[in-house]
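# Close look at the chain arrangement
Letter by letter, the chains look like this.
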Amino acid sequence: MMRKALANIDLTTLLLEYSELLVKEQSIKKFEETLLKINALEAENSPVYTAHYYKQMGYLAAYRKKNKEATELFKRSLALEESEELRSTLSRLEIGGDQVAQTLILESKVLGLL
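Because the structure is predicted, anything quoted here is derived from the model rather than measured.

Cut-offs applied
Residues numbered from 1 in each chain as written. Predicted model: local features only at pLDDT ≥ 70, side-chain atom pairs only at ≥ 80, totals over all residues. Heavy atoms only, no water. Phe/Tyr/Trp six-rings, centres within 6.5 Å; stacked < 30°, edge-to-face > 60°. Buried < 20%, exposed > 50% of the residue type's maximum accessible area, 1.4 Å probe, protein only. Helix = DSSP H or I, 4+ residues; strand = E, 2+ residues; numbered from the N terminus. Core = buried A, V, L, I, M, F, W, Y, C linked by side-chain atoms within 4.5 Å. Contact = heavy atoms within 4.5 Å. Patch = residues over 30% accessible without salt bridge, like charges linked within 9 Å, V, L, I, M, F, W, Y side chains within 5 Å. Areas by Shrake-Rupley, 256 points an atom, 1.4 Å probe, with all protein chains shown as cover. Salt bridge = Lys/Arg side-chain N within 4 Å of Asp/Glu carboxyl O. Expected span 1.5 Å × (residues − 1). Arc of directions from axis to C-beta.

It is worth spelling out the packing of aromatic side chains at this point. Tallied over the full model, the rule gives 2 aromatic pairs. Consider the rings of Tyr53 and Tyr54, whose centres lie 5.9 Å apart with planes at 50°: the pair is tilted. For the pair shown, Tyr53 and Tyr54 are each scored as buried. Taken together, a centroid distance of 5.5 Å and an interplanar angle of 70° make the contact between Tyr59 and Phe74 edge-to-face. Of this pair, Tyr59 sits in helix H4 (residues 47-63) while Phe74 sits in helix H5 (residues 67-80); the two residues are 15 residues apart in sequence, bridging distant segments of the chain. Residue Tyr59 shares its accessibility class with Phe74, and that shared class is buried.

Turning to the nonpolar core, a few remarks are in order. Core analysis: the largest hydrophobic core is formed by 23 residues, its most contacted members being Phe31, Leu35, Ile38, Tyr53, Leu60, Ala70 and Phe74. With 7 residues, the top contributor of residues to this core is H4. In this structure Tyr53 touches Leu16, Leu35, Ile38 and Asn39, once residues within four positions along its chain are discounted.

This brings us to a nonpolar patch on the surface. A surface patch of nonpolar side chains, about 240 Å² in accessible area, is lined by Leu11, Leu14 and Leu41. Along the chain, Leu41 falls in the loop between helix H3 (28-40) and H4.

Turning our eyes to something else, we now look at H3. Between its terminal C-alpha atoms H3 stretches 18 Å, which fits the 18 Å expected from 13 residues at 1.5 Å a residue. Within H3 the residues assigned to the buried category are Ile28, Phe31, Thr34, Leu35 and Ile38. Down the axis of H3, the buried side of the element spans an arc of 120°, and every buried residue falls inside it. Exposed positions of H3 whose direction lies more than 90 degrees from the buried face are Lys29, Leu36, Lys37 and Ala40. If you follow the buried residues of H3, they end up packed against helix H2 (11-25) and H4. Taken from the residues just after H3, Glu42 is the one with a positive phi, measuring 55°.

Okay, here's the thing in structure tokens:
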């Protein structure tokens, strides 16, 4: 039964879920490796998966204090899939500058614990 359920889940879905966990754990090296795998799969050519990929890449850019790049990636994500949470993140990043990057990662970690 479990095998059939797993057969219906594609690799990109698993990698995106795994990347969410890695952000919360602040495992940045593994996070980046996972994003490279998602990119290699071209996010299964899915607009939804691509939006999530751009969001995750935005978090990586924010972590690296590349706020302009993070902002562009978040906007690309929003162009593919609307998200109030991401809009809020984007506005805080544009207003808050460098200090927001660590806050975004920490908030993501806290939300995962709730």
